[in-house]
Amino acid sequence: MSSAYLKGKTKQLKEALGAKDWPGVEKHANDVLSFESSNYNARVFLSLALFNLQRYDESEESYKKAIEGAPTQGLARQGLAAFYEKRQRWGDYAWAILELMQLFESSGDATKYGESLQKLIDVRRSHGTVPELIQALLLTLPSSPTYHLLLQLPPAEPTAPLSSPLHSLQLSLRSALPTLLELTSLTETLESSALTSELKKRRERLGGSALSAAETRRRVEAELMPSSGLPALYRAILDDPDAGSDEELRRSTERKLLVHLGTLLKALPSSFDARTSVDLKAVEKRKDVKEQEEREKARVRSEVEELARGMVVVGVAEEEAWRIVMDWRDGYGKWDDVDWRELERYCETFPQSGLANIARAMRQRLDAAAPVAPVAEGSEEAAPPPPPPSDEETADIIEAGLAASPDSLLAHLLSVHFFSERKEWDAVLQVSEAGLSIIDGIEKEIARSLPISRRTLDSHLAISLVHLDPPNHHLRALRLLDTLLSSAPSSPEIPLLTAKAYVLQYAEKWALAVKAWDAVLAASVEPTTAELEVKAERSWCIFNAGELEVAHESMKEVVDALQARKAVRDEEKKVKEKARSKAGIERGEGVEEGETTAEALERATAWWRLGQCLWELGETDPDQNAPAYDAFIASVLASPTFAPAFTSLGVYYQTVEPVDFKRASQCFSKAFELDDGQEVAARYLAEEFSEIGEWSLVEVIARRVVDGNGGKSALGGKAAQRLSWAWKAIGGAELNSKKYPQAIVAFQSALRGAPKDSHTWIRLGVAYRSSGKHIAALKVFAQALLLDPTSWYAQFSIGDVQREIGLLGPAIKTFRAILVDRPDELGVRVVLAETCLAAGLDELRGGFLARAEESLVDSLEGSIAIIEAGSATRIAWKIAGDAAGALGKVPQPSLQERSRPLALRLLTLVESKSVDSKIENGMDAVQAPGLRAAFDTADTPLFFVALSVLACKMRVLVETLNDTSIGSAWFDLGLSLTAVRPHLGALGLPATSDEALHQSIRCLKFALHKEPYNAIFWNALGVLAFDLSPRLSQHSFIKAIEHNSRGAVPWANLGLFYLVHHDEDLANQAFLKAQVLDPDWGAAWVGQATLAELAGHSTEASVLLAHAFTLAGSTPEADIGFATSAFTKYRMATDPPPAAEALSAPLFALTRYLSQRPHDVSAIHLSALVLEQMGDLETASEALERAAAILSDLYDSDESAEVEGRFIVAQTNLGRVRLARDDHAGAITAFDFALSLLPSPKLPWDDTNPPGGLSRDEAVLLQTECRLGTALAQFWLGETSEAIQMLSDGLDELEELDESRKADLAVSLCRIYWSEDDEDRALSAVLDAPDVTTVRSPPFVKLTVHALATVTSDNAILELVARVNRDPTMKYQSDSTRITYLAKLLRNDEAGALAAVSRSVHAAPWLTSNRRTLAHLLVELTPRPSSSSLNDNLDICARFLRTRDVAGESAEPRSRRLIGAATAIMAQEGKEEVALGMLEHAVRMAPWSALARTFLTKASNAIVAKE
């Protein structure tokens, strides 16, 4: 029944399939499959039905199940392939076809396999990638594993191409060449794009190694090309029979294969790469890899060489193949091994190449040099060969050939041989180095050395280095020669031995050179033409070695041989002339007959050397001079262009009696004209010209002789000694032309030949100093002084350089040391005076007044001595005027016993010149008679200020006719008049300040008349006219800026001008410009700070002043401004830092300011206030006393109300400081003095003209302070009643004026009454204070009332205190809290005391004082156990003592806090070491604190005792 059912269903399925009833097919197929799930056909039909029902996923799944069920059946696979094709899923379609091909391959069905393969190729060609198409096409080649199956297909029918669907496949099977060509094209495109893509990735990669583009390409090629399929395809094309008939295809394919393999060979790593590793593990690890790389390199190289040889054998016109065969073979290194037949084939193949042109030219020259074979009798004479190219033509051919074939090693080998024969050493050097570079590239490329070619080029290179500009390259040549000779294959090569002998000869190592020439002669197996040259050079070396007799014999032998050779040449010339005469032929142009020019020069050299030998022998045997002269004449006759012979003749004429200087000069001129390297002739000529003063000709000769000798002097030795004079001459010329770098080079070259010449060392030092290299100059001058200790000029130069670089002290010592031996050396005396003046001014700017005074006195003394001597008076008067003016700035001179006599001497000199009567234009502010009258009474500094005016007048007088200096003289006179202007009255001079100002301005105008473009003069004029004429002042500043726009001083002065005239915007711009031009100019910063202060920006102003104070140099305005700002900031701070930290810098600024302006009362007063805050009460008291004295003198002179007020303030401050010093009597005196001058505040007050220059409020404040201070002083002196009376009178005086000031007096009166045990009057005094019952009362009044209420237990007053202290800031204030908890303790209320202190800590936990108070209380009270098992209050106390630093806290408070914490911890068991460490830290934090050291000592002792 089941079989019948299945048949029925199957029949229905087929009927539905035939009717294309796809739903029916699906239904019946499912029925069949439900009965028989493995039914293959039903599964396939179901898949087809599902596809037509557009249920594609189910259809694909059904096909796959059918294939899984019967993998060897093809129906389902064909259906799935059709499914993919219709769905255009070409990738899946191709895979399905591949599976069908495997199925057909296993079944041996060639037709179906071929059809599937054709479909695969078609789909890959239409929809696949290039690699996929390549894989498909490879299946049609004979190398395919299924090619035998394809051969079973019937052959193609060319006449019926559509008869078979396999026609194209059958054609490819018939001839594989088209397929190979297509595969080659596809693979080339694919690999080229892959290479390009990888290169792009490498270039865009970040963080990679920095490689060049060529190296990156090489590495990428080394990675990709070994796996390339192109070589196999190229070889397949070459092996294909059909390609044999296409010669062009074969040649093209061979070229491609050669290029590919050559590129791969270059890309592969080479053992000749200059890449080494210092990592031994990496080297060991890479060893195996390197061996594998070398094997691969050798394999590829072998393939390249084999392919190239084959191409050369058949004569393929591929130049790269010929280059590989000829260059890589290393067969052309030796000239005798040149394969001319191979070169002829190359020339025929590439007739236009550069190598071919070079080879043809060399071959023609070789054939022309070969002996002509005799013509046999009866035979016709052969046509003469074409003439070879001349030397010049050959050189041109080689130059063009090397340019056309720059990578040809053979071309360079042929060229270097030609140039070596012609002795064109420059060309040999260039060609050899280029050839060696080519060898390096080839060896790196093929990983194989070319020893023969390299040795040939190295030999030519070494020989060229020997003969090219000797001895410049001899060091390099000698290294190369030693290497070549040590590695010689058999016997040493004679050219190399000869070259080494020349090197030794040039180095003047004569003994070694003789041995070298002996080695050359020993190595010469057969006589050669060069043997005579060797003997000649050997005899010359023997001569220079000092063996004159031996040299004479050898030279005579050489000369005889050369004369014999000349006779032979003359005989040959006669024979040739006779032959031409018989034949009627003229000699060709440029053809040499007889002795050649080179042979004549060789003979002239031999005669000259013989003459030199005879000349040297003539020193002991005068009879030899005549033969020497004959030899020199013979040399000249042999070669009239041989310069050394003329030099020797010149020496002969100048030496042998009778001396003929004219002939000698002519000979030297001729020698130098022929050869400018003749240093002997040049020196004689230079000496001759120097004697007649023709220094320009001397320089020309020196330069020519140096150029003619090349770089010989740079190597030192005798050559440098011979040329030393020339370099000195050049250096002197360059020094005179102010070309200092060139002069330095010249003198250095001269010193190589004459290192002991102290004069040259001095001139080198001068060149160094003039070029700004002062340290080098010092070293050079020191060397000169070491060589010649008697050279005072070297010592003077040392001092001069020291002076220029600011080493003024050592410079002064140096100059004084010179004057010990040479006291009359005027120049040294002048420079010493100038240096002392510069040192004094520098020390004065630095605040070293004592040193400055000593230096200035020395300068003045030196200048006066120069003036008295009557020489160099101009500069001496300048020095004297500047020194006198600077001495006027020393406020308290200590060398008056020296300076005053000098001043009198200088005044006497001025009087002797009657300068006052000779200087017109009304310059009479200071005159000599008036100054002499003031000599005994005037202060020394003021007298020197006035004396500088007279000195400047004298300078104006002596510089009158000197237009270059008169302007500066008038300028100095104007400045000196400005300096003396404030002191005219003190000196008793009749002129007024205004007259002196006008005279100063007039002087500056005279100076500007002489130097109208001097910015300094304009700026000074602007300063002088600042108050007198604003228009002139502004104009002057602007002119100064025009003439020197880079100067910061006029900009800052212009900014101050605008500031004074209330143009803040322009002032700010000017100050900013000055800061940009010179950031270290303090006046600009001070001006900008003033602007900021005027604008209300006090913080910015203080920052700017602080910056100005820290700048280099000393700016008094910055010092006083910074000090004032810093002190004001300190006084205004609510919680000021320690005075030592905050006021140290301001105190230094004030000290520096007062050193320059010691009589500035405001600065002295401010200094006293700073000292008072810092605790130096004694110095503060002295400063205030000095300020009061100065103010008293000022008041006596003008009785100004302002001065009176300042004096009252100074006396008040002085009384306060004396009171703090416990100088109670002195305090009372100062306060009484101030009170006596203070007007009563109750009197009528005129605000327009207040008494004492004080306002009413200022008078009240001073009145209060004076009375309070007097009362306190009287109290401490025991004068209680007087103190009470003083305070009572003060309270009465302030009645109805300033109630706030009465509080101070009332509290003080209360405390005095309390000290007298008068409780009632004390309470009355304090309760009578103003606002005592209100919250507005001052804190100290509230605390006083609180303390009185506590000790008196007055309930009414306690209620008053509770009402007044409601303000939290007062309630929890530390002093108020202390009074509260002390009151609690008096009543034994410890809990209340702790509560009061705890509330203050909770109210202000950040205050250290509150925490410290609580800690002290805990320590003093009975311990209180707590729930945390703490049985000691010390544990609680330690919590309140923070050990961390508080921002802005000074070192001492931190140290005390650590001491407290350590003390608390010390009491705890087992924590002694911790406490000890904290105490050590406290000592390190404040090492000056005795408290910390004391606690540390106690703690250490306690720990030791406990142990």
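Residues numbered from 1 in each chain as written. Predicted model: local features only at pLDDT ≥ 70, side-chain atom pairs only at ≥ 80, totals over all residues. Heavy atoms only, no water.

Caption draft 1: Looking closely at the packing of aromatic side chains. With the rule as written, the count across this model stands at 30 aromatic pairs. Centre to centre, the rings of Y63 and F83 are 6.4 Å apart; their planes meet at 55°, and the pair counts as tilted. Separated by 20 residues along the polypeptide, Y63 in helix α4 (residues 56–69) and F83 in helix α5 (residues 75–87) bring together distant segments of the chain. Relative to F350, the ring of Y346 lies with its centre 5.1 Å away and its plane at 45°, an arrangement referred to as tilted. Within the aromatic cluster, the residues linked to one another by ring pairs are F51, Y56, Y63, F83 and Y84. Positioned above the aromatic ring of F848 is the side chain of R851, whose terminal nitrogen or guanidinium carbon lies 4.6 Å from the ring centre. (Phe/Tyr/Trp six-rings, centres within 6.5 Å; stacked < 30°, edge-to-face > 60°. Helix = DSSP H or I, 4+ residues; strand = E, 2+ residues; numbered from the N terminus. Lys NZ or Arg CZ within 6 Å of the ring centre and 35° of its normal.)

Caption draft 2: Up close: the pattern of salt bridges. For the structure shown, the criterion picks out 51 salt bridges. Between K256 and E188 there is a salt bridge, with its nearest N and O atoms 3.6 Å apart. Taken together, the positions of K256 in helix α14 (residues 247–267) and E188 in helix α11 (residues 177–204) put the pair 68 residues apart, joining distant regions of the chain. With a relative accessible area of 37%, K256 lands in the partly exposed category. The partner of E699 in a salt bridge is R703, and the shortest N-O contact between them spans 3.0 Å. In this pair, E699 and R703 both sit in helix α33 (residues 695–708), four residues apart, roughly one turn of the helix. Judged by relative accessible area, which is 25%, E699 ranks as partly exposed. A relative accessible area of 28% places R703 in the partly exposed class. A network of salt bridges, in which partner residues are shared, links E60, K64, R89 and D92. (Salt bridge = Lys/Arg side-chain N within 4 Å of Asp/Glu carboxyl O. Buried < 20%, exposed > 50% of the residue type's maximum accessible area, 1.4 Å probe, protein only.)

Caption draft 3: Highlighting the environment of A638. With respect to the helices and strands, the residue A638 is situated in helix α29 (residues 625–638). Accessibility expressed as a relative area gives 9% for A638, which makes it buried. As a C-alpha pair, A638 and W607 span 31 residues in sequence and 8.4 Å in three-dimensional space. Not counting chain neighbours up to four residues away, the residues in contact with A638 comprise A600, R603 and A604. (Contact = heavy atoms within 4.5 Å.)

Caption draft 4: Quick look at the side chain of H552. Tracing the sequence through the fold places H552 in helix α27 (residues 548–583). When sequence neighbours within four positions are dropped, the list of residues in contact with H552 reads L610, C613, L614 and L617.

Caption draft 5: Just a negative patch on the surface, in detail. There is a patch of like negative charges on the surface, built from E392, E393, D396, E399 and E424. Mapped onto the elements, E399 comes out in helix α19 (residues 391–404). Assessed through its relative accessible area of 57%, E399 is described here as exposed. (Patch = residues over 30% accessible without salt bridge, like charges linked within 9 Å, V, L, I, M, F, W, Y side chains within 5 Å. Areas by Shrake-Rupley, 256 points an atom, 1.4 Å probe, with all protein chains shown as cover. Lys, Arg positive; Asp, Glu negative; His and termini not counted. Charge placed at Lys NZ, Arg CZ, Asp CG, Glu CD.)

Caption draft 6: Region of interest: unusual backbone geometry. In this structure, the amide linkage connecting E657 to the following residue, P658, adopts the cis form with an omega of -5°. Residue Q54 is not a glycine yet carries a positive backbone phi of 65°. You can see Q54 is positioned in the loop between α3 (40–52) and α4. A relative accessible area of 58% means that Q54 is categorised as exposed.

Caption draft 7: Representation of the packing of helix α66 (residues 1319–1327) against helix α67 (residues 1339–1352) in the model. Between α66 and α67, the shortest axis-to-axis distance is 11 Å and the interhelical angle comes to 150°. Looking at the two axes, α66 sits roughly antiparallel to α67. With respect to the hand of their crossing, α66 and α67 are arranged in left-handed fashion. Of the residues in α67, those touching α66 at E1319, L1323 and V1326 are T1344, V1345, L1348 and T1352. Here the residues of the contact of α66 with α67 sort into four nonpolar, two polar and one charged. (Axes fitted to C-alpha atoms, helices over the stretch in contact; angles between N-to-C directions. Parallel < 35°, antiparallel > 145°, perpendicular 65-115°, else oblique. Left-handed = near helix turned anticlockwise from the far one by under 90°. Nonpolar A, V, L, I, M, F, W, Y, C, P; charged D, E, K, R; others polar.)

As far as function goes, none of this settles anything; it's purely spatial.
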